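An overview of the molecular structure
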Amino acid sequence: MNKRENIQETERLAIRKLTHDDFETLIAIMGKPEVMYAWEHGFSEDDVRSWIERQLTRYTKDCIGYFAVELKESGLLIGQAGLMTTTMNENSVVEIGYIFDNTYWHNGYATEAAESLIAYAFDNFGLPAVYCSIRPENKASIRVAKRLGMESCGSHTVVYRGKEMPHIIYKLENPK
């Protein structure tokens, strides 16, 4: 697939599959602890390489994963938004996620990208619902989920690097 072949476009954003060519930009974004605060650490070069590989595997296996989000006007990669198959409380679901460079926070980009990808999920996969799993202290992501029309529907615990991390589950049902 051509690097510039978009999965989705919005008024301001182009959403496409990640490639190995995105490594330098992703390490600049994901290396920041303030961007990756839900993981409680900035990502190392090895973490980012593994991240890209995991997305490439997801594209092949599920046709979804975290996607690059670029500003249409400049082509600048400013973050990621994605759809991932995951397990929450023993149920297999599709989850929306978003990670943006803190330089671009508070511009509505996460909401815009997530809305587009949720529509993509509903239109292309006919999913009954899309979920989001957010740490309770992540107030910005909670605001995005609520702007998307998602409602809290429970909680679960994610174990990451041996640490238990409680998460609130948000859900948006397919209106069709």
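Given the structure is predicted, the values throughout are model-derived calculations rather than measurements.

Let us now look at the overall build of the protein. A tally of regular secondary structure across the protein gives four helices and eight strands. Sequence-ordered secondary structure for the protein, helices as α and strands as β, is β-β-α-α-β-β-β-α-β-α-β-β. Relative to the 2.2 N^0.38 estimate, which gives 16 Å for 176 residues, the radius of gyration of the protein is 15 Å and therefore close to what a compact globule would have. Each of the three principal axes of the protein carries a C-alpha extent, and together these read 40 × 40 × 35 Å. Considering the protein as a whole, with its 176 residues, one finds that 48% of them fall into the buried category. With an accessible surface of roughly 9100 Å², the protein has 48% of that area assigned to carbon and sulfur atoms. Of the charged side chains in the protein, 20 are positive and 25 negative, and the gap between their average positions amounts to 2 Å.

To continue, consider the state of the cysteines. A full pass over the atoms with the stated rule returns zero disulfides. No disulfide involves C132; its sulfur sits 10 Å from that of C153, the nearest cysteine.

Turning to the UniProt feature "domain: N-acetyltransferase" (unreviewed entry) in the protein, a few remarks are in order. As recorded in UniProt, the sites labelled "domain: N-acetyltransferase" (unreviewed entry) are residues 13–175. Helix makes up 32% of residues 13–175 and strand makes up 37%, while its end C-alpha atoms are separated by 24 Å.

Structurally, the position occupied by T25 is in helix α1 (residues 23–30). The class for T25 is partly exposed, based on a relative accessible area of 30%. Taking the C-alpha atoms as reference points, T25 and L77, separated by 52 residues in sequence, lie 7.1 Å from one another.

Quick look at the pairing of strand β1 (residues 6–9) now. Pairing between β1 and strand β2 (residues 13–17): three bridges, direction antiparallel. Across the sheet, residue Q8 finds its bridge partner in β2, namely I15. Following β1, the chain reverses through three residues before pairing antiparallel with β2.

Throughout the structure, instances matching the rule amount to 14 salt bridges. Notably, a salt bridge pairs E45 with R49, separated by 3.6 Å at the nearest N-O pair. With a gap of four residues between them, E45 and R49 both fall in helix α2 (residues 45–62), about one helical turn apart. Residue E45 is classed as partly exposed on the basis of its relative accessible area, which comes to 44%. Measuring nitrogen to oxygen at the nearest pair gives 3.8 Å for the salt bridge that ties D62 to K61.

As for its placement among the helices and strands, N174 is situated in the segment after β8 (163–173). Within the structure, the side chain of N174 is placed 2.9 Å from the backbone nitrogen of K176, a separation counted as a polar contact. Once residues lying within four places of it in the same chain are set aside, the contact partners of N174 are F122, G126, L127, P128 and A129.

Attention now moves to the packing of aromatic side chains. The way to describe two aromatic rings as a pair is by their centre distance and the angle between their planes. A full pass over the atoms with the stated rule returns eight aromatic pairs. Geometrically, the ring pair formed by W39 and F43 is edge-to-face, given 5.9 Å between the ring centres and 85 degrees between the ring planes. Pairing F43 with W51 gives two aromatic rings, centres 5.9 Å apart and planes at 80 degrees, and the pair type is edge-to-face. Put simply, the rings of W39, F43, W51 and Y66 touch in pairs and so form one group of aromatic residues.

Rules and cut-offs
Think of each chain on its own: its residues are numbered from 1, step by step along the sequence as written. With the structure being a predicted model, the display of local features is reserved for residues of pLDDT at least 70 and the display and counting of side-chain atom pairs for 80 or more, all residues being used for whole-chain, interface and lining totals. Side-chain numbers here rest on the full set of heavy atoms in the structure, without hydrogens or water. Counting from the N terminus, the helices are the DSSP runs of H or I reaching at least four residues and the strands are the DSSP runs of E reaching at least two. Throughout, the radius of gyration refers to the C-alpha atoms, and the reference size of a globule is 2.2 Å times the residue count to the power 0.38. Any residue under 20% of the maximum accessible area for its type is buried, any over 50% is exposed, and the rest in between are partly exposed; the area is computed with a 1.4 Å probe on protein chains only. Surface accessibility follows the Shrake-Rupley procedure with a 1.4 Å probe radius. Residue values consider only the protein chains on display as shielding. Within this scheme the basic residues Lys and Arg register as positive and the acidic residues Asp and Glu register as negative, but His and the chain ends are omitted. Charge positions are represented by NZ for Lys, CZ for Arg, CG for Asp and CD for Glu. A pair of sulfur atoms, both from cysteines and within 2.5 Å, is called a disulfide here. UniProt positions are given in the numbering used here, feature names are shortened, and annotations may be inferred rather than shown by experiment. In this scheme, strands are said to pair when DSSP sees at least two bridges between them. For this analysis, a salt bridge means a side-chain nitrogen from Lys or Arg found within 4 Å of a carboxyl oxygen belonging to Asp or Glu. Polar contact is the term for a pair of N or O atoms within 3.5 Å; when the atoms are in protein, one must be able to donate a hydrogen and the other to accept it, and sequence-neighboring residues count only if both atoms are side-chain atoms. What makes two residues a contact is simply this: any of their non-hydrogen atoms within 4.5 Å. Pairing of aromatic rings covers Phe, Tyr and Trp, the last counted by its six-membered ring, and requires centre-to-centre distances within 6.5 Å; plane angles under 30 degrees mean stacked, over 60 mean edge-to-face, and any other angle means tilted.

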